[in-house]
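Each chain is listed here by its residues.
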Amino acid sequence: WLAEFADGHQLTTRLICALIAHFRSELTVTERLQKAGVKQLQTPVLKEHSRATSLSKCLVVSYGLSSPVQKSLLCYISSHPSGCWSNFAKKAKGVTDFEEDLAFLRSLFLVQASRPYSTALRLSMLHPVRRFVQEQFELDDAAAFLKTRMDVSESLMVQSAVIYHNHLNAGDVEYGILRTVY
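This text gives an overview of the structure that appears in the document. (Residues numbered from 1 in each chain as written. Predicted model: local features only at pLDDT ≥ 70, side-chain atom pairs only at ≥ 80, totals over all residues. Heavy atoms only, no water.)

## Focus on the packing of aromatic side chains
Any two aromatic rings considered together are summarised by their centre-to-centre distance and by the angle between their planes.
Turning to step 1, where the next piece is worked out: Inspection of every chain in the model, using the stated rule, returns 1 aromatic pair.
Turning to step 2, where the next piece is worked out: Relative to phenylalanine 132, the ring of tyrosine 63 lies with its centre 5.6 Å away and its plane at 85°, an arrangement referred to as edge-to-face. Taken as a pair, tyrosine 63 in helix H4 (residues 51-65) and phenylalanine 132 in helix H8 (residues 127-140) lie far apart in primary sequence, 69 residues in all. Assigned by exposure class, tyrosine 63 and phenylalanine 132 land together as buried.
Turning to step 3, where the next piece is worked out: Here the basic side chain of arginine 122 rests over the ring of tryptophan 85, its NZ or CZ set 4.8 Å away from the ring centre. (Phe/Tyr/Trp six-rings, centres within 6.5 Å; stacked < 30°, edge-to-face > 60°. Helix = DSSP H or I, 4+ residues; strand = E, 2+ residues; numbered from the N terminus. Buried < 20%, exposed > 50% of the residue type's maximum accessible area, 1.4 Å probe, protein only. Lys NZ or Arg CZ within 6 Å of the ring centre and 35° of its normal.)

Encoded structure:
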């Protein structure tokens, strides 16, 4: 049922695998997905089911496993169009066990991490995850969503000023551009 449910959608398949690893039971994952409003496929032409609904239901279950602190961290990361540095996320959110929370979110494929040009991790999200997190977090707590967006805007303005002043204005254009892109 889970393979049919994913319908070949790569992100949905990854999320299902992460959920199976988390719960250590395919039956539990199937039950959770069904509780999220998904009915078992009866025919291949079922009009209420599509790849998009499979992905949505997987995101609902994965997001639902996250703690309020982890959801706040997800909102912070999702608010950065090209991702954010882990040290900024850690400082901004004041998470007590940042590495553990980040490892949990990465295990569910909600967050991706890379090290492009720094010792710090660059945290990002795939677009469907990012869009889902922003919509869901705003529905759950509109005031916290707005505050996070304001904090991110302020942080991005400061980072832009530092990059401009220290790199672009000082003649180190190549590094300044790299800092802007990554």
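## Looking at the pattern of salt bridges
Turning to step 1, where the next piece is worked out: All chains considered together, the criterion is met by 2 salt bridges.
Turning to step 2, where the next piece is worked out: For glutamate 99, the salt bridge goes to lysine 90, with nearest N and O atoms at 3.3 Å.
Turning to step 3, where the next piece is worked out: Judged by its relative accessible area of 38%, lysine 90 is partly exposed.
Turning to step 4, where the next piece is worked out: Notably, a salt bridge pairs lysine 147 with aspartate 151, separated by 3.1 Å at the nearest N-O pair. In this pair, lysine 147 and aspartate 151 are both assigned in helix H9 (residues 142-168), 4 residues apart and thus about one turn of the helix distant.
Turning to step 5, where the next piece is worked out: The class for lysine 147 is exposed, based on a relative accessible area of 54%. (Salt bridge = Lys/Arg side-chain N within 4 Å of Asp/Glu carboxyl O.)

## Notes on the nonpolar core
The tendency in soluble globular proteins is for nonpolar side chains to be buried as a group.
Turning to step 1, where the next piece is worked out: Of all hydrophobic cores here, the largest spans 39 residues; its most connected members are Leu74, Leu110, Val111 and Leu123.
Turning to step 2, where the next piece is worked out: Beyond its immediate stretch of four places on either side in the chain, leucine 74 contacts Tyr63, Ser66, Leu105, Leu110, Val111, Met125 and Val133. (Core = buried A, V, L, I, M, F, W, Y, C linked by side-chain atoms within 4.5 Å. Contact = heavy atoms within 4.5 Å.)

## A look at unusual backbone geometry
Note on backbone geometry: most residues besides glycine have negative phi, and most peptide bonds are trans.
Turning to step 1, where the next piece is worked out: Unusually for a residue other than glycine, phenylalanine 109 sits at a positive phi of about 65°.
Turning to step 2, where the next piece is worked out: Tracing the chain through its elements places phenylalanine 109 in the loop between helix H7 (98-107) and strand S2 (112-114).

## Brief notes about the sheet that holds strand S3 (residues 122-124)
Turning to step 1, where the next piece is worked out: Reading across from one edge, S1-S3-S2 is the order of the 3 strands in this open sheet, with antiparallel pairing throughout. Each having just a single partner strand, strand S1 (84-85) and S2 make up the two edges of the open sheet.
Turning to step 2, where the next piece is worked out: Sheet analysis places S1 next to S3, joined by 2 bridges and oriented antiparallel. Bridging from a neighbouring strand, cysteine 84 pairs with leucine 123 of S3. (Pairing = 2+ DSSP bridges.)

## A few points about the packing of helix H2 (residues 10-23) against helix H3 (residues 26-35)
Turning to step 1, where the next piece is worked out: Put simply, H2 and H3 touch, their axes get as near as 8 Å, and they point 120° apart. By the angle between their axes, H2 is oblique relative to H3. Considering the relative orientation of H2 and H3, their crossing is right-handed. Where H2 approaches H3, its residues Ile16, Leu19, Ile20 and Phe23 are matched on the opposing element by Glu26, Thr28, Val29, Arg32 and Leu33.
Turning to step 2, where the next piece is worked out: Split by residue class, the contact of H2 with H3 holds 6 nonpolar, 1 polar and 2 charged. (Axes fitted to C-alpha atoms, helices over the stretch in contact; angles between N-to-C directions. Parallel < 35°, antiparallel > 145°, perpendicular 65-115°, else oblique. Left-handed = near helix turned anticlockwise from the far one by under 90°. Nonpolar A, V, L, I, M, F, W, Y, C, P; charged D, E, K, R; others polar.)

## Description of the packing of helix H5 (residues 68-78) against H8
Each pair of packed helices gets described by two things: the angle between the helix axes and the distance between those axes.
Turning to step 1, where the next piece is worked out: Orientation of H5 relative to H8, taken along the N-to-C sense of each, is 125°, at an axis distance of 9 Å. With respect to H8, the element H5 is oriented oblique. Judged by the twist between their axes, the crossing of H5 over H8 is left-handed. Across from Lys71, Ser72, Leu74, Cys75 and Ser78 in H5, the residues of H8 making contact are Arg130, Val133, Gln134 and Phe137.
Turning to step 2, where the next piece is worked out: A class-by-class count of the residues in the contact of H5 with H8 yields 4 nonpolar, 3 polar and 2 charged.

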